Amino acid sequence: MRENRIHQSYLLIASRIYFNFAETIWPSMKLPAKFSALILLFLTGAFVSTRLLHSATFTGSSAQKPFEAITSKRGQIPKKPLKNIEIPLDCAGFNLTRTCPANYPTTFAANHDRPSSTCPEYFRWIYEDLRPWARTGITRDMIERAKRTANFKLVIVNGKAYLEKYRKGFQTRDVFTVWGLLQLLRKYPGKVPDLELMFDCVDWPVVKSMDYSGPDALAPPPLFRYCGDDHTLDIVFPDWSFWGWAEVDIKPWERLLEELKEGNNKMRWMEREAYAFWKGNPTVAETRQDLMKCNVSQEQDWNARVYAQDWFKESQEGYKQSNLADQCNYRYKIYIEGSAWSVSEKYILACDSVTLLVKPHYYDFFTRSLKPIHHYWPIKDDDKCRSIKFAVDWANKHKQKAQAIGKAASEFIQEELKMDYVYDYMFHLLNEYSKLLTFKPVIPRNAVKLCSESMACTANGLVKEFMMESLVKSPAETSPCTMLPPYDPSSLNAIFRTKENVVKQVESWEKSYWDNQN
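Predicted model only: the values in this text are computed from it and were never measured.

### A few points about the overall build of the chain
No. 1: Looking only at helices and strands, one finds 17 helices and 11 strands in the chain.
No. 2: Out of the 518 residues belonging to the chain, those deemed buried represent 49%.
No. 3: A separation of at least 24 residues holds for 76% of the contacts in the chain among residues at least 6 apart in sequence.
No. 4: Accessible area for the chain stands at about 26,700 Å²; split by element, carbon and sulfur atoms hold 54% of it.

### Section: the state of the cysteines
No. 1: Taken as a whole and assessed by the stated rule, the structure comprises 5 disulfides.
No. 2: Put simply, Cys328 and Cys351 are joined by a disulfide, and their sulfur atoms are 1.8 Å apart. The sign of the S-S torsion, about -105°, decides the handedness of the disulfide formed by Cys328 and Cys351: left-handed. Separated by 23 residues along the polypeptide, Cys328 in the loop between helix H10 (311-316) and strand E8 (330-335) and Cys351 in the loop between helix H11 (344-349) and strand E9 (354-358) bring together distant segments of the chain.

### Examining unusual backbone geometry
No. 1: Of note, Asn158 is a non-glycine position whose phi angle comes to about 55°, a positive value.
No. 2: Along the polypeptide, Asn158 turns up in the loop between strand E1 (152-157) and strand E2 (160-165).
No. 3: Looking at Asn158, the relative accessible area reads 59%, which means it is exposed.
No. 4: Notably, Ile373 is not glycine yet its phi reads approximately 70°, a positive angle.
No. 5: By the secondary structure assignment, Ile373 is in the loop between E9 and strand E10 (377-379).

### Some words on the sheet that holds E9
No. 1: Strand order in this open sheet of 5 strands is E7-E6-E8-E9-E10, and the pairing throughout is parallel. Sheet topology places strand E7 (304-308) and E10 at the edges, where each strand pairs with a single neighbour. Sheet twist, expressed as the average angle between the axes of neighbouring strands with direction ignored, equals 25°.
No. 2: Relative to E7, strand E6 (residues 273-280) is paired through 5 bridges, and the arrangement is parallel. Residue pairing in the sheet places Ala276 in a bridge with Ala304 of E7.
No. 3: Along the sheet face, helix H12 (residues 384-397) touches E6, E7, E8, E9 and E10 and points at about 155° away from the line of E10.

### Quick notes on the environment of Ser209
No. 1: Within the secondary structure layout, Ser209 lies in the loop between strand E3 (195-199) and strand E4 (224-225).
No. 2: Overall, the relative accessible area of 27% leaves Ser209 in the partly exposed class.
No. 3: A C-alpha to C-alpha distance of 10.0 Å links Ser209 and Ala219, two positions 10 residues apart in sequence.
No. 4: In contact with Ser209, other than residues within four places in its own chain, are His231, Thr232 and Leu233.

### Focus: the pairing of E8
No. 1: Counting buried positions over the 6 residues of E8 gives 6, a clear majority of the element.
No. 2: Relative to E8, E6 runs parallel, the two being bridged by 3 bridges. If you follow Ala276 over to E8, its bridge partner there is Tyr332.
No. 3: For the handedness criterion, the β-α-β arrangement of E8, H11 and E9 is classed as right-handed.

### Considerations on the packing of helix H8 (residues 253-266) against helix H13 (residues 399-416)
No. 1: For the pair H8 and H13, interaxial distance at closest approach is 11 Å and the crossing angle is 150°. Between H8 and H13, the angle falls in the class roughly antiparallel. The way H8 lies across H13 gives a crossing that is left-handed. Note on element contacts: H13 touches H8 through Ser410, Ile413 and Gln414, opposite Trp253, Leu257, Lys261 and Asn264.

### Concerning helix H7 (residues 173-187)
No. 1: Taking 1.5 Å as the rise per residue, H7 with 15 residues should run 21 Å; its terminal C-alpha atoms sit 21 Å apart, in good agreement.
No. 2: The element H7 is largely enclosed, with a buried count of 14 among its 15 residues.

### Focus: the nonpolar core
No. 1: Counting residues in each nonpolar core, the largest one holds 99 residues, and the members touching the most others are Tyr122, Trp253 and Tyr433.
No. 2: When residues of this core are assigned to their parent elements, the largest contribution, 11 residues, is made by helix H14 (residues 419-436).
No. 3: Trp253 has contacts with Ser241, Phe242, Leu260, Lys346, Tyr347, Ile413, Leu417, Lys418 and Met419, leaving out every residue within four places of it along the chain.
No. 4: Counting 28 residues, the second-largest nonpolar core is a separate cluster that includes Trp269, Val354, Ile388 and Ile405.

### Let's talk about the pattern of salt bridges
No. 1: In total, this model carries 29 salt bridges according to the counting rule given.
No. 2: Arg225 is the partner of Asp200 in a salt bridge, and the nearest nitrogen-oxygen pair spans 2.7 Å. Placement of the pair is Asp200 in the loop between E3 and E4 and Arg225 in strand E4, with a sequence separation of 25 residues.
No. 3: Note that Asp393 and Lys389 form a salt bridge whose closest N and O atoms lie 3.6 Å from each other. Separated by 4 residues within a single helix, Asp393 and Lys389 lie in helix H12, roughly one turn from each other. Take Asp393 and Lys389: they sit in the same class, and that class is buried.

### A closer look at H14
No. 1: In a regular helix each residue adds 1.5 Å, so 18 residues correspond to 26 Å; H14 covers 26 Å between its end C-alpha atoms and thus fits that length.
No. 2: When you tally the buried positions in H14, you get 16 out of 18 residues, the bulk of the element.

### Re the packing of aromatic side chains
No. 1: Tallied over the full model, the rule gives 37 aromatic pairs.
No. 2: Ring plane angle 90° and centroid distance 5.6 Å describe the contact between Phe199 and Phe237, whose orientation is recorded as edge-to-face. Note that Phe199 is positioned in strand E3 and Phe237 in the loop between strand E5 (235-236) and H8, a separation of 38 residues in sequence. The pair Phe199 / Phe237 is uniform in exposure class, with both members buried.
No. 3: When the ring centre of Phe242 is taken as origin, the NZ or CZ atom of Lys346, which lies over that ring, is 4.6 Å away.

### Quick look at the confidence of the model for the chain
No. 1: Looking at the chain as a whole, the pLDDT averages 84, with 79% of positions reaching at least 70.
No. 2: Note on residues 1-81: pLDDT is under 50 here. Beyond four places in sequence and across chains, it has 47 contacts.

Thresholds applied
Residues numbered from 1 in each chain as written. Predicted model: local features only at pLDDT ≥ 70, side-chain atom pairs only at ≥ 80, totals over all residues. Heavy atoms only, no water. Helix = DSSP H or I, 4+ residues; strand = E, 2+ residues; numbered from the N terminus. Buried < 20%, exposed > 50% of the residue type's maximum accessible area, 1.4 Å probe, protein only. Contact = heavy atoms within 4.5 Å. Areas by Shrake-Rupley, 256 points an atom, 1.4 Å probe, with all protein chains shown as cover. Disulfide = S-S within 2.5 Å. Pairing = 2+ DSSP bridges. Axes fitted to C-alpha atoms, helices over the stretch in contact; angles between N-to-C directions. Right-handed = clockwise from strand over helix to strand, strands pointing away. Parallel < 35°, antiparallel > 145°, perpendicular 65-115°, else oblique. Left-handed = near helix turned anticlockwise from the far one by under 90°. Expected span 1.5 Å × (residues − 1). Core = buried A, V, L, I, M, F, W, Y, C linked by side-chain atoms within 4.5 Å. Salt bridge = Lys/Arg side-chain N within 4 Å of Asp/Glu carboxyl O. Phe/Tyr/Trp six-rings, centres within 6.5 Å; stacked < 30°, edge-to-face > 60°. Lys NZ or Arg CZ within 6 Å of the ring centre and 35° of its normal. pLDDT = per-residue confidence, 0-100.

Encoded structure:
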């Protein structure tokens with residue numbers, strides 16, 4: 001269509017030149033009228049030849065086509081699509097100077113021809129996590145009080161990151177968390193505001209709300225970590241495994257998400273084993289040790305197939321039995337917390353299998369928007385075996401409804417937890433957090449300047465491999481997604497009330513089931 005309009009423009013220009021020529025010059029030249037058609041044919045041929053030259057030169061090229069520069073009705077030149085600028089990883093330069101490159105992009109220019117999307121619902125919990133400081137703001141003293149348990153302090157000034165390290169995190173949790181923050185700066189250069197924050201990489205939250213209640217209580221210290229619960233005020237943040245978990249060979253999320261999708265397609269839901277599957281480390285929590293009692297035995301079959309994971313043995317054998325994409329061959333998969341929340345939740349939800357979710361006590365940044373019976377089936381934590389037995393029997397009798405639950409969960413993970421949204425969540429959380437700071441962030445005296453080169457170029461083995469794979473190579477072409485407004489109190493109460501009522505309904509079905517068994 002566009003090429004036709006350009007062609008028509010050439011003919012229109014040719015005809016106008018012909019008539020102007022005929023009205024002004026030809027009469028004075030006194031040429032025979034029969035030459036007029038020949039002259040028109042000559043002019044038209046010239047313009048058509050130019051059009052063919054135009055097509056040969058620009059078709060398939062990224063260069064702007066000539067007629068794209070014609071002004072619009074408002075006199076504005078249409079905006080060119082942004083050229084995808086690649087940010088190099090200059091290991092040769094870093095190894096030579098041991099300093100971060102000075103030529104990183106520091107400004108972000110979104111392509112306004114591609115509007116950003118609306119953020120998923122779970123982004124609204126950002127406002128709730130930051131509500132404890134909504135009236136007071138955040139002072140430097142509050143931040144410093146979080147140093148008691150923090151692994152590191154991260155400072156961003158003028159789009160650059162600086163790290164003050166206090167204590168080593170377990171395995172490489174702290175390393176990949178910081179790596180993820182550096183990739184955010186590459187994705188949105190110059191757009192992440194100046195800030196200072198404390199980060200604790202331990203599983204369980206520690207800022208207890210009861211310690212900061214009452215008229216004379218201090219304001220709570222803002223402390224970032226991977227999970228929270230109803231009795232604490234820690235600020236939840238995406239966990240390290242989105243960029244890879246080298247110690248257990250769990251790949252960066254972008255690739256793993258594709259492999260999980262392929263794993264789903266290997267075996268149809270109806271062809272999968274009609275039992276509840278779990279595999280993990282039972283020694284980290286009593287609740288997991290209790291789950292092991294639900295395994296099939298000579299006396300009882302609770303419809304569960306649970307296995308203890310020996311990570312040392314797996315590492316010796318090359319993790320051949322722990323590939324997550326190969327564990328989607330059961331209709332039902334159990335999620336159960338460890339010492340606190342577990343990173344395994346997103347992998348289990350992504351499997352198309354019905355997630356049997358043992359009543360959780362912790363939440364991470366996205367799980368508060370999951371709905372019982374829509375995204376998962378609730379399992380009692382104090383009567384696991386009987387609860388699992390009922391869930392599997394119910395689902396095997398209501399196969400279509402069960403498949404719909406599994407599908408809703410995997411679609412949520414594939415669509416609303418893709419890596420772009422993980423970065424956007426990080427951006428919005430840090431942006432809203434920075435608005436609460438009552439002071440101007442400064443670079444600590446003992447801080448080290450960070451960049452992707454200072455981490456990836458000196459890394460080895462799987463750590464380096466995962467860093468290179470999860471490296472953000474270019475700035476985003478659009479702005480971060482648009483946040484929905486905060487929940488009002490009545491809407492928030494309705495969410496809690498609805499979840500509670502649905503769980504009670506399932507428990508009533510379960511009671512009726514066991515009453516009939518007896």
